Amino acid sequence: DTAVSQTPKYLVTQMGNDKSIKCEQNLGHDTMYWYKQDSKKFLKIMFSYNNKELIINETVPNRFSPKSPDKAHLNLHINSLELGDSAVYFCASSQGGGVWTEAFFGQGTRLTVV
Amino acid sequence: GENVEQHPSTLSVQEGDSAVIKCTYSDSASNYFPWYKQELGKGPQLIIDIRSNVGEKKDQRIAVTLNKTAKHFSLHITETQPEDSAVYFCAASINTGKLIFGQGTTLQVKP
């Protein structure tokens, strides 16, 4: 009964390729996020969607495009991958609505660009 | 924007000892302060959180304190066990759903 699930868990690809990471949550939450964890383990928010609407878009290159087909899914598509995109990407969800509640994180997708 | 500083970056304690991790934040509007534990190969998991209208919160061996005036908050783990070994992150938020994380503390509990 995984609450937030991401696929794939590992992704190795060459520079210049386009790849997608999928995320699904079965918690009934309204809000979903993408976070990036770099090699020094620093976690930084990239995007946030609330009921399929983009509400947070940090200074992320436009090669990164999130898509939310419904409020249970938030996918991340990355074009023209670069070496610096190598990181662990975490999807998360929470029940939004003005009063902040716990964010549940997925297991992460380790992306390696070679 | 909000900035969260976390110290120490690494902490090694003997089993049974206490561990304390400290964080400071910059934006006085922050009102939610969660602590996450991340085990190897896993995603962060919430262990305790505190809101700005509370000064202290305790859950078994874990406690968090908040000093709004000084803009700092701390995690206290008592009677540490080897399974407490992990990376711990503090974070701050302003009801926006945007968590700003500290740099993380790698805690090692030696048996």
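For the structure, check the block above.
The rules behind the values
Residues numbered from 1 in each chain as written. Chains lettered and ligands numbered in written order. Predicted model: local features only at pLDDT ≥ 70, side-chain atom pairs only at ≥ 80, totals over all residues. Heavy atoms only, no water. Contact = heavy atoms within 4.5 Å. Buried area = accessible area lost by both parts, 1.4 Å probe. Salt bridge = Lys/Arg side-chain N within 4 Å of Asp/Glu carboxyl O. Polar contact = N/O pair within 3.5 Å; in protein donor to acceptor, adjacent residues only side chain to side chain. Helix = DSSP H or I, 4+ residues; strand = E, 2+ residues; numbered from the N terminus. Disulfide = S-S within 2.5 Å. Buried < 20%, exposed > 50% of the residue type's maximum accessible area, 1.4 Å probe, protein only.

**Looking at the interface of chain B and chain A**
Here's step 1: Taken together, the 20 residues of chain B in the interface contact 21 residues of chain A.
Here's step 2: Here chain B meets chain A over a buried area of about 1700 Å², counting both sides, of which 58% is carbon and sulfur.
Here's step 3: In this structure, the salt-bridge partner of K98 of chain B is E58 of chain A, at a minimum N-O distance of 3.0 Å.
Here's step 4: Between chain B and chain A we count five residue pairs in polar contact (both at pLDDT 80 or more) in total.
Here's step 5: Secondary-structure elements contributing two or more residues to the side of chain B that touches chain A are β4 (32-38), β5 (45-51) and β9 (86-92) of chain B.
Here's step 6: Ranked by the residues each element gives to the side of chain B that touches chain A, the list is headed by β4 of chain B, at three residues.

**Side note on the state of the cysteines**
Here's step 1: If you walk through the whole model with that rule in mind, you get two disulfides over all chains.
Here's step 2: Here C23 of chain A engages in a disulfide with C91 of chain A; their sulfurs sit 1.8 Å apart. The chirality of the disulfide connecting C23 of chain A with C91 of chain A is left-handed, given an S-S dihedral of about -80 degrees. One end of the pair, C23 of chain A, is in strand β3 (residues 19-25); the other, C91 of chain A, is in strand β9 (residues 87-94), with 68 residues separating them in the sequence. Across this residue pair, the class does not change: C23 of chain A and C91 of chain A are buried.
Here's step 3: One disulfide in the model links C23 of chain B with C90 of chain B; its S-S distance is 1.9 Å. Between C23 of chain B and C90 of chain B the sulfur-sulfur dihedral comes to about -100 degrees; the bridge is accordingly left-handed. Here C90 of chain B lies in strand β9 and C23 of chain B lies in strand β3 (residues 19-25), a separation of 67 residues in the sequence.

**Quick look at the environment of I45 of chain A**
Here's step 1: Summarising the element assignment, I45 of chain A is placed in strand β5 (residues 43-50).
Here's step 2: On the basis of relative accessible area, I45 of chain A is assigned to the buried category, the value being 3%.
Here's step 3: Considering only alpha carbons, one finds I45 of chain A and T59 of chain A, 14 residues apart in sequence, at a separation of 9.6 Å.
Here's step 4: Other than its neighbours up to four places away in sequence, I45 of chain A contacts Y33, W34, Y35, I56 and E58 of chain A together with G97 and K98 of chain B.

Function-wise, these values are silent; they only describe arrangement.
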